[in-house]
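Residue-level structural notes
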Amino acid sequence: MRMRTIAALKKLDACPEAAAWVYDLTFEDPREVLMACRQGGWTLWLATKLADGLDDYVAIVRAVADIASLATPFRSPDDTVSVVAVASAYTWAANPCEETRQAAIVSANAAIVPAERLFEGLRRGGGNAAIRARAAAAYAAACATAVIPNGVSRTSSSAFGIDVTRAATLAAVAVANAAYGAAYTTSDSFDAHDVRAKMLARCADIVRARIDFDRLLAAFECVAAKIPLLAIAPYP
């Protein structure tokens, strides 16, 4: 069963790291795998890959907005556009219509500006953990609105040029990187890595709390069941 689960993950274009992690587990049930996952980006990836309908996307947007909110302590003091971006994601989730989607597009594209400005400063002036944390926090806020789908498609509503799945996974990674950057300014790299790992696990908890995985896991099992036995090759 585990090889079928891995085959289904690969069919959904899972990253090699995720497939390798599942392979090393001592249990096989997809639900147990999901509950054990401490990577917020991976849980969001699965949710967006299996999403089918407005209710799923509303739950995903709320989860990503919750995750982006975790980066609030790491933002620049004058970064008001990130606050607006996260708020617009919640607004769309409460009332998913074209008007709120368009408002979210505006706020998403505004939120990416400070992130790009900070990253550009890093490229020109070298590394600075505090600035990197602020840039990642702003990027996470922009991703919260970028997860809003463009109609029935899986493409993002923003002008980032990425799809919903990519926006969602980047949100969790950005928040973890923001936490890492903030921790690195006051501790060594080992402690900062531990902070990053704990933030990713916290993101995974948020995803599991926000999203009803019962139906999504049923959809995953359908994907796995359709894979011919002969097509399931031993890992890797």
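A short tour of the structure in this document, coming up. (Residues numbered from 1 in each chain as written. Predicted model: local features only at pLDDT ≥ 70, side-chain atom pairs only at ≥ 80, totals over all residues. Heavy atoms only, no water.)

1. Notes on the packing of helix 5 (residues 54–69) against helix 9 (residues 164–184)
Going by this rule: Axis definition: a line fitted to C-alpha atoms, limited for helices to the stretch in contact. Angles are taken between N-to-C directions and run from 0 to 180 degrees. Labels follow the DSSP assignment, with helices taken as runs of H or I lasting at least four residues and strands as runs of E lasting at least two, numbered in each case from the N terminus. Geometric relationships in this document are graded by angle, where less than 35 degrees denotes roughly parallel, more than 145 denotes roughly antiparallel, 65 to 115 denotes roughly perpendicular, and other angles denote oblique. The sense of a crossing depends on the near helix, which, turned anticlockwise from the far helix by less than a right angle, makes the crossing left-handed and, turned clockwise, makes it right-handed. Two residues qualify as a contact provided that any one of their heavy atoms is within 4.5 Å of a heavy atom in the partner residue. Just so you know the grouping, Ala, Val, Leu, Ile, Met, Phe, Trp, Tyr, Cys and Pro go in nonpolar, Asp, Glu, Lys and Arg go in charged, and all remaining residues, Gly too, go in polar.
Two elements in contact, helix 5 and helix 9, have axes whose closest approach is 9 Å; the angle formed by their N-to-C orientations is 25°. Between helix 5 and helix 9, the interaxial angle falls into the category roughly parallel. Note on packing geometry: the crossing formed by helix 5 with helix 9 is left-handed. Two secondary-structure elements touch here, helix 5 through Tyr57, Val64, Ile67 and Ala68 and helix 9 through Val164, Ala168, Ala171, Ala172 and Val175. A breakdown of the residues in the contact of helix 5 with helix 9 according to their chemical character gives 9 nonpolar, no polar and no charged.

2. Remarks on the packing of aromatic side chains
The condition that has to hold: Ring pairs are drawn from Phe, Tyr and Trp, using the six-membered ring of Trp, whenever the two centres fall within 6.5 Å, and their geometry is named by plane angle: stacked under 30 degrees, edge-to-face over 60, tilted for the rest.
This structure, assessed with the given rule, holds 2 aromatic pairs. Ring geometry for Trp21 and Trp42: centres 5.9 Å apart, planes at 55°, overall tilted. Separated by 21 residues along the polypeptide, Trp21 in helix 2 (residues 16–23) and Trp42 in helix 4 (residues 40–50) bring together distant segments of the chain. Aromatic side chains Tyr180 and Tyr184 sit 5.8 Å apart centroid to centroid with 25° between the ring planes, which places their arrangement in the stacked category. In this pair, Tyr180 and Tyr184 are both assigned in helix 9, 4 residues apart and thus about one turn of the helix distant.

3. Considerations on the environment of Leu200
Selection rule: Whether a residue is buried, partly exposed or exposed follows from its accessible area with a 1.4 Å probe, protein chains only, as a fraction of its type maximum: under 20%, in between, or over 50%, in that order.
With respect to the helices and strands, the residue Leu200 is situated in helix 10 (residues 189–210). Classification of Leu200 as buried rests on a relative accessible area of 5%. On a C-alpha basis, the gap between Leu200 and Gly41 in space is 7.4 Å, while along the polypeptide they are 159 residues apart.

4. Here we look at helix 5
Residues that lie three or four places apart on an α-helix share one face, since the helix turns once every 3.6 residues. Put simply, the rule reads: Each residue after the first adds 1.5 Å to the expected span of a helix.
End to end, helix 5 covers 22 Å across 16 residues, agreeing with the expected 22 Å (1.5 Å per residue, within 8%). The buried fraction of helix 5 is high, at 12 of 16 residues. Buried within helix 5 we find Asp56, Tyr57, Val58, Ala59, Ile60, Val61, Ala63, Val64, Ala65, Asp66, Ile67 and Ala68.

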